[in-house]
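Residues per chain are reported as follows:
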Amino acid sequence: MRDVYVLGIGQTIFGKHDSLTVNDLGAAAALAAVKDAGISPKELKVAYCGTMFSPPTPVQSILFHLGADRIPMYTVENACASGSSAVHLLFQEVALGVRDVGIALGVESLSAFNRKFGKGLLAIEGDLQGKLALTMPSFFAKLCNRLMEKRGATIEDICYPSVKNHKAGMTNPYSQYKTEVTVESIMASPMIADPITVLQCCPQSDGAAAVILCSEEYYKQHNKKAHRPPVRIGGSVISVSGAEDASYDPLAMQVVIKGAKDACEMAGVDPRKDIDVVELHDAFSGEELAAYEMLGLCEPGEGVAFARSRAVELGGRCPVNPSGGLLSMGHPLGASGVRVVNDIARQLWGEAGENQVEGARVGLAQMLGGVLTGIESPVVAGIHILMK
Amino acid sequence: MSKQVVFYPGALEERDGILVQMGHKCRDCGKTSYPPVELCPFCSSENVEKVPLSTTGTVFSYSITRVPVGPFKPPIIGGYIDLPEGTRVFGQIHAKPEKMKTGMKVKVQTGVLWTEKDGTEVIGYHYVPCEAGSGGA
């Protein structure tokens, strides 16, 4: 396997872009990425795009805007980990020596989705549990209830990631929200599924993100940003659930625990000591609280204490979602798996502005897709470890 | 009589005039899966037999949704029910929200989930608490 480097990143501001198509959004992110990388789009040798609800062949339509053509292009879908899957597949091609440089995109327009299907909670079509009204909030409400029953979490603990991440979003230029929230304002917002209120949920968003990965040799020849320390992808794992997972505790999702363990082993890092910054799938505030221990940032069962120690804030042992996370950044589904990789690269380059984690050398980017239920709607986790 | 359909193919089958949840019990690994699929989802064995699921179980975890979802009006109580054979089934629980407790015993019932615009009744299952003294558990 060859080392794989991050040559450039790009993204749109996340939010409501009702007048833009997925092709417009994707092209803006792809153009920003090639400009950041300082290469011509004609240099790209392969392209992957993660998305859930776009029209067919979005990647070709997007890259047509840039004149990148006649290369292998693939659109991949893996629920909220679609973008992670695009990054993973590109990583593999470069690592295995198949291509020297390529682009991984993620794009979504929930505005377009809503025009087509109407607004509402996303229940999975044709799924047994979905037909019985299992939705994302109702699943994560069970996770919150488990946190309170088994981990002693309070409502304040459950709301904490939302408070922290909305605060971080205030200083992120790409963030959908620029609004601080408090435990009081969170709990005063409409109840969706006890104890999850609207302000504990990520918003619906439109947006795109793109990353350009390359081999070491290509990086040495083409990197024009000499001030940037070289950042490589040390671990890349797509972890998928099995039949047994339906009987696991939502507080111990094997798909996340094993995915993080495998990615850390691949990168040769110890998550308790070595990981300096994390971007993760905080679709719901309580989900982030439950993730600390599953990712191995602290001992099993210690996630609530880890949060209370403020280890996950800027200045703490391992800041989590210093970008503002899905809760404040927004969550254009297919784009988020790429966006978290970009945000970790930004952190390791020292280019995260007011949201910078000082001295960050190793970061973890996680996305989780699907719902932990029976055999029809399984879970996939995408985990990347970036290091300099 | 209005037309009736089962909400999910294979989720319920008629046995002796009543609708029952049918799962697959694997003769090789011994696990029971629901709803039935081609092979045992645990060990890929073809050696599976259709068996009725236990009609009572315990609530592993639940949540109460306060907004409408599809045809369902709030509050909607959804729960994971652990059956004695080790299978975890998702279903709605018809109970007073304030009476809900993790670990409580519930039993399955079948009936109309919703009625389509053309009058078709969609049949499914839900759980209700086993009242003390009812002998349900």
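It should be noted that the structure appears before, not after, this text.
Residues numbered from 1 in each chain as written. Chains lettered and ligands numbered in written order. Predicted model: local features only at pLDDT ≥ 70, side-chain atom pairs only at ≥ 80, totals over all residues.

(A) Local environment of the overall build of chain A. For chain A, the count of helices and strands is 14 helices and 11 strands. Relative to its length of 388 residues, chain A is compact, with a C-alpha radius of gyration of 19 Å against a globular reference of 21 Å. Taken over the C-alpha atoms alone, chain A extends approximately 55 × 45 × 40 Å along its principal axes. The 388 residues of chain A split such that 62% are buried. (Helix = DSSP H or I, 4+ residues; strand = E, 2+ residues; numbered from the N terminus. Rg over C-alpha atoms; globule rule 2.2 N^0.38 Å. Buried ≥ 20, exposed ≤ 12 C-beta atoms within 10 Å, placed from the backbone.)

(B) Quick look at the overall build of chain B. A tally of regular secondary structure across chain B gives zero helices and 10 strands. Its helices and strands in sequence order give chain B the pattern β-β-β-β-β-β-β-β-β-β, from N to C terminus. Its C-alpha atoms give chain B a radius of gyration of 16 Å, within 12% of the compact-globule value 14 Å for 137 residues. On the principal axes, the C-alpha backbone points of chain B span a range of 40 × 40 × 30 Å. The proportion of buried residues among the 137 residues of chain B is 33%. Partitioning the intrachain contacts of chain B with sequence separation of at least 6 by distance along the chain shows that 46% fall at a separation of at least 24. (Contact = placed C-beta atoms within 7 Å.)

(C) Local environment of the packing of helix α7 (residues 155–169) of chain A against helix α11 (residues 285–294) of chain A. All names here are of chain A. Where α7 meets α11, the closest approach of the two axes is 7 Å, and the angle between their N-to-C directions is 100 degrees. By the angle class used here, α7 and α11 are roughly perpendicular. Between α7 and α11, the contacting residues are D157, I158, C159, Y160, P161 and S162 on the first element and S285, G286, E288 and L289 on the second. Per-class residue counts for the contact of α7 with α11 are five nonpolar, three polar and two charged. (Axes fitted to C-alpha atoms, helices over the stretch in contact; angles between N-to-C directions. Parallel < 35°, antiparallel > 145°, perpendicular 65-115°, else oblique. Nonpolar A, V, L, I, M, F, W, Y, C, P; charged D, E, K, R; others polar.)

(D) Here's a closer look at the pairing of strand β1 (residues 4–11) of chain A. Residue and element names in this part refer to chain A. Burial analysis of β1 places eight of its eight residues in the buried class, the great majority of the element. As paired strands, β1 and strand β7 (residues 206–215) are joined by seven bridges and run antiparallel to one another. Note that in β7 the partner of G8 across the bridge is I212. (Pairing = 2+ DSSP bridges.)

(E) Examining the nonpolar core more closely. All names here are of chain A. Among the nonpolar cores identified, the biggest contains 154 residues, and A47, A104, L105, A210, V211 and L213 are the most heavily contacted of them. Ranked by residues supplied to this core, first place goes to helix α1 (residues 22–37) with nine residues. Not counting residues within four places of it along the chain, the set of residues in contact with L213 comprises V4, Y5, V6, L7, L90, F91, V94, G102, A104 and I233. (Core = buried A, V, L, I, M, F, W, Y, C linked by C-beta atoms within 7 Å.)

(F) Region of the structure containing the pairing of strand β2 (residues 47–50) of chain A. Residue and element names in this part refer to chain A. Along β2, one buried face is formed by A47 and C49 and the opposite face, lined by Y48 and G50, is buried too. Bridge count between β2 and strand β3 (residues 73–76): four bridges; the pairing is parallel. Within β3, the residue paired with A47 across the bridge is M73. Assessed by its sense of winding, the connection that carries the chain from β2 through helix α2 (residues 58–64) to β3 is right-handed. As defined by bridge partners, β2 adjoins strand β4 (residues 101–109) across four bridges and the pair is classed as parallel. Among the inter-strand pairings, C49 is bridged to a residue of β4, identified as L105. (Right-handed = clockwise from strand over helix to strand, strands pointing away.)

(G) Up close: unusual backbone geometry. Cis geometry is found at the peptide bond from D194 of chain A to P195 of chain A, where omega equals 0 degrees. Note that P195 of chain A resides in the loop between β5 (191–193) and β6 (196–197). Omega for the bond connecting P74 of chain B with P75 of chain B falls within 30 degrees of zero, at -5 degrees, which places this linkage in the cis form. The residue P75 of chain B is located in the loop between β6 (56–65) and β7 (76–82) in this model.

(H) Fine view of helix α10 (residues 254–267) of chain A. All names here are of chain A. The terminal C-alpha atoms of α10, which comprises 14 residues, lie 20 Å apart, in line with the 20 Å expected from a rise of 1.5 Å per residue. Within α10, the full set of buried residues consists of V255, V256, G259, A260, A263, C264 and A267. The buried residues of α10 all sit within an arc of 145 degrees when viewed along its axis, so they share a single face. Looking at the buried positions of α10, the neighbouring elements they touch are β8 (232–240), α11, β10 (362–369) and β11 (380–387). Following α10 by one or two positions, G268 adopts a phi angle in the positive range, close to 70 degrees. (Expected span 1.5 Å × (residues − 1). Arc of directions from axis to C-beta.)

(I) Inspection of the interface of chain A and chain B at higher detail. Taken together, the contact between chain A and chain B spans 27 residues of the former and 26 residues of the latter. For the side of chain A that touches chain B, the secondary structure elements donating two or more residues are α5 (128–131), α6 (136–150) and β5 of chain A. Here the side of chain A that touches chain B takes seven residues from α6 of chain A, the largest share from any one element. Of the residues in the side of chain A that touches chain B, the class split is 14 nonpolar, seven polar and six charged.

(J) Spotlight on the environment of K116 of chain A. Residue and element names in this part refer to chain A. Here K116 lies in helix α4 (residues 110–117). Of the residues examined, K116 has 9 C-beta atoms within 10 Å and is grouped as exposed. Once the C-alpha coordinates of K116 and G15 are considered, the two residues, 101 residues apart in sequence, prove to be 18 Å apart.

(K) Structural view of the packing of α6 of chain A against α11 of chain A. Residue and element names in this part refer to chain A. At a closest axis distance of 9 Å, the pairing of α6 and α11 adopts a crossing angle of 55 degrees. Relative to α11, the element α6 lies oblique. Considering the relative orientation of α6 and α11, their crossing is left-handed. Counting all contacts with α6, which are made through F140, L143, C144 and L147, the residues of α11 involved are G286, E287, L289 and A290. Along the lines of polarity and charge, the residues of the contact of α6 with α11 split into six nonpolar, one polar and one charged. (Left-handed = near helix turned anticlockwise from the far one by under 90°.)

(L) Spatial organisation of the environment of T87 of chain B. Residues and elements named next belong to chain B. Relative to the helices and strands, T87 resides in the loop between β7 and β8 (88–92). As a C-alpha pair, T87 and G23 span 64 residues in sequence and 9.3 Å in three-dimensional space. Non-local contacts of T87, meaning those with residues more than four positions away in its chain, are made with G23, T32, S33, Y34 and L53.

(M) Summary view of helix α3 (residues 82–95) of chain A. Residues and elements named next belong to chain A. Under the 1.5 Å per step criterion, the end-to-end length of α3 is 20 Å for 14 residues, consistent within 8% with the ideal 20 Å. Most of α3 sits out of view: 10 of its 14 residues are buried. One or two residues past the end of α3 sits G97, with phi positive at roughly 85 degrees.

In short, the description is geometric, and any link to function would need to be established separately.
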